[in-house]
Amino acid sequence: MRSVQSIKKEMDQKSNSSYSIKHDAIANEKENKQALAIRSRKQSKAFSIALSPGKQIAMNAFMMYMSGRNLNIFSISILSSAILSPIKGIMNVSNAFRSCEDPDGKIDLTSSKALFILMNLVWLGVGLYKMATMKLLPLTSADWEKYVVWKHVMETSSIPPV
């Protein structure tokens, strides 16, 4: 009789331990799912931050189109924001993605950061194109003529060339 009771106790202990192992496995699985969900939300947020300069490109391009090619306060103001904003964005890439960083380092933000920098460079290109159409960039040889060293002629002749 004693042997039957001892066997029952051993079986109860084994079933309780297996229950706790199963319970721990289920809890770990739920934690992993939550961590995975948080990581995927942070990744999607990083991607939306990376695409945010694209929305500003369209708005600024329209504003630059509406400002025309004349030099006035309005067009220079819009043009300066189109040049300075992407430069500030490129300089502050790490601050822009700080909310998406994971302390474990499991979230890869390099592709999002690269896309963010690319969009800002496109925005900067649009601003530089507008500067070129307003003739504010020195692109022609006439813009650089003061740097050309002219050869001084020592003598002149009164005989016309043939």
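Residues numbered from 1 in each chain as written. Predicted model: local features only at pLDDT ≥ 70, side-chain atom pairs only at ≥ 80, totals over all residues. Heavy atoms only, no water.

Novice: What is the right way to look at the confidence of the model for the chain in this model?
Specialist: Regions with low pLDDT should not have their predicted coordinates read in detail. Chain-level statistics for the chain give a pLDDT mean of 82 and a share of 83% at 70 or above. No element of the chain has a lower mean pLDDT than helix H1 (residues 2-67), at 77, and none a higher one than helix H4 (residues 110-133), at 93. (pLDDT = per-residue confidence, 0-100. Helix = DSSP H or I, 4+ residues; strand = E, 2+ residues; numbered from the N terminus.)

Novice: Honestly, the nonpolar core in this entry has me stumped. Any pointers?
Specialist: Where a protein is soluble and globular, its nonpolar side chains tend to be buried together. Core analysis: the biggest nonpolar cluster contains 10 residues, these being Ile57, Met64, Ile78, Leu79, Ala82, Ile83, Trp123, Leu124, Met131 and Met134. Those elements that place two or more of their residues in this core are H1, helix H2 (73-91) and H4. Within the second largest apolar cluster, nine residues are counted, among which are Ile49, Phe97, Cys100 and Phe116. (Core = buried A, V, L, I, M, F, W, Y, C linked by side-chain atoms within 4.5 Å. Buried < 20%, exposed > 50% of the residue type's maximum accessible area, 1.4 Å probe, protein only.)

Novice: Which parts of the structure should I look at to understand the layout of surface pockets?
Specialist: To find the voids left in a structure, one rolls a probe of water-molecule size over its atoms. Approximately 160 Å³ is the volume found for the largest pocket. For the largest pocket, the full set of lining residues is Ala61, Met64, Tyr65, Gly68, Arg69, Val126, Tyr129, Lys130 and Thr133. Breaking the lining of the largest pocket down by element, the ones donating at least two residues are H1 and H4. Per-element accounting of the lining of the largest pocket gives the leading share, four residues, to H4. Tallied by class, the residues present in the lining of the largest pocket amount to five nonpolar, two polar and two charged. (1 Å grid on protein atoms, 1.4 Å probe; cavity = no way out; pocket = protein on both sides within 12 Å on 5 of 7 lines; lining within 4 Å. Points joined across faces, edges and corners; volume = space filled by probe spheres on them. Nonpolar A, V, L, I, M, F, W, Y, C, P; charged D, E, K, R; others polar.)

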